[in-house]
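Below, each chain spelled out in residue letters.
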Amino acid sequence: MTSNLPPALILILGALLVPFFRGKAKNWYVILLPAAAFYLITQLETGSSWQIHFFGFDLTFLRVDKLSKVFGYIFTMNAVAAFVYAFYLKDNTQHMAALFYIGSSLGVVFAGDLVSLYFFWEIMAIASTFLILARKTKKAEAAAMRYILVHIFGGLCLLAGIIMYITQTGSVAFDPMAERTLANYLILAGILVNAAAPPIHAWLPDAYPEATVTGGVILSAYTTKTAVYTLVRGFPGWEILILVGCIMTIYGIIYALLENDMRRILAYSIINQVGFMVCGVGIGTMMSLNGTVAHAFCHIIYKALLWMSAGSVLYMTGKSRCTD
């Protein structure tokens, strides 16, 4: 039944067909894919499905509740807007990388266990790297290399934590983690790398401004917000996140004020805004968690619009420094 289909499949499998389309048909096709995924999410029923038995564990590729639906809605809405913005683009590499990236983000949001979450988490890292490489400049290549190395480190922290967690508990379920164990702290560290939390944060202002015009718009929405989603899902009420979030808010806004490049300003602003979300997760009350999710939802919209504006200036003038 299509009403029981993981939304990630539409984008990931759909990406494989991109090279078969030509001209404007290609652009319409990549717009319709996330639109179809959005419609599918509206039809999903609450509960878990698409369970696969794997090495003695039941992996759940589709867990539907209010939290996953909220992030699913905004991820697909932003994707539709981003592909409309990219209607001029004919590059198969960028379209395919974007679809794999967005699809794997949806995979993380609807994953019901740590193993399938990790699987999609790593696809996100690989696919997003190609959006940086697609600019085909030496600075972009260097930034992409640093970007993937940082995310490999974060992924290894996450994997180590997951393995230890499964060994200790015998479960792969991704639910709120109450105990402060080494395994849980490693999982938290892997997630915070994707949230661009200091001290491992420089990958974001280093890489995002070097992406293509449309790549920057797409990158601004998913990696850090999937991190926020996983924090809300797994670490509500962890007091250390209040400290981490406060550092992010202050650090991000100070460096944004010192910057001159438009897209680097926006990159540091992402760190600042995600800091508020991380702090809200650390507070852990129902009101703060609802506020965090609402902030993430709105932030994706207005930050994408700002990246679109900066990208338009860069596309038309070839310049992104405010003083130019």
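Being a predicted model, the structure only gives us computed values, none of them experimental. (Residues numbered from 1 in each chain as written. Predicted model: local features only at pLDDT ≥ 70, side-chain atom pairs only at ≥ 80, totals over all residues. Heavy atoms only, no water.)

Engineer: Provide a residue-level description of the environment of tyrosine 255, including the pertinent values.
Structural biologist: Along the chain, tyrosine 255 turns up in helix H10 (residues 240-258). Here tyrosine 255 falls in the partly exposed class, since its relative accessible area comes to 36%. A sequence separation of 14 residues divides tyrosine 255 from serine 269, and the C-alpha atoms of the two residues are 8.5 Å apart. (Helix = DSSP H or I, 4+ residues; strand = E, 2+ residues; numbered from the N terminus. Buried < 20%, exposed > 50% of the residue type's maximum accessible area, 1.4 Å probe, protein only.)

Engineer: Pulling in residues and values, what's your account of the packing of helix H5 (residues 114-133) against helix H6 (residues 138-169)?
Structural biologist: Running from N to C, H5 and H6 point in directions that differ by 175°, and their axes come no closer than 9 Å. As judged from the angle between their axes, H5 and H6 are roughly antiparallel. (Axes fitted to C-alpha atoms, helices over the stretch in contact; angles between N-to-C directions. Parallel < 35°, antiparallel > 145°, perpendicular 65-115°, else oblique.)

Engineer: Now, about the environment of leucine 11: what can you tell me, with residues and values included?
Structural biologist: Position of leucine 11 among the secondary structure elements: in helix H1 (residues 7-15). Judged by its relative accessible area of 0%, leucine 11 falls in the buried class. Measuring from C-alpha to C-alpha, the distance between leucine 11 and threonine 76 comes to 9.9 Å, with 65 residues separating the pair along the chain. Ignoring sequence-local partners within four residues, the contact set of leucine 11 consists of Leu33, Pro34, Ala37, Leu99, Ile102, Gly103 and Leu106. (Contact = heavy atoms within 4.5 Å.)

Engineer: Tell me what's going on with the side chain of threonine 249, and back it up with residues and numbers.
Structural biologist: Tracing the sequence through the fold places threonine 249 in helix H10. Since its relative accessible area comes to 12%, threonine 249 is described here as buried. In this structure threonine 249 touches Asn272, Gly275 and Phe276, once residues within four positions along its chain are discounted.

Engineer: Account for unusual backbone geometry, naming residues and giving values.
Structural biologist: Residue proline 199 is reached from proline 198 by a cis peptide bond, and omega for that bond is 10°. On the secondary structure map, proline 199 appears in the loop between helix H7 (182-194) and helix H8 (203-207). The phi angle at lysine 136 is positive, at roughly 60°, despite the residue not being glycine. Mapped onto the elements, lysine 136 comes out in the loop between H5 and H6. The exposed category is assigned to lysine 136, whose relative accessible area is 68%.

Engineer: Summarise the pattern of salt bridges; cite the residues concerned and give the values.
Structural biologist: A complete count under the given rule lists 8 salt bridges for this structure. Between arginine 146 and aspartate 206 there is a salt bridge; the shortest N-O distance is 2.8 Å. Remark: aspartate 206 occurs in helix H8 and arginine 146 occurs in helix H6; sequence separation between them is 60 residues. The exposure class assigned to arginine 146 is partly exposed, which follows from its relative accessible area of 41%. When the shortest N-O distance is used, the salt bridge between glutamate 239 and arginine 180 registers 3.1 Å. You can see glutamate 239 sitting in the loop between helix H9 (213-234) and H10 and its partner arginine 180 sitting in the loop between H6 and H7, a full 59 residues away along the chain. Here arginine 180 falls in the partly exposed class, since its relative accessible area comes to 39%. Here the residues in one salt-bridge network are Arg135, Lys139 and Glu210, joined through shared partners. (Salt bridge = Lys/Arg side-chain N within 4 Å of Asp/Glu carboxyl O.)

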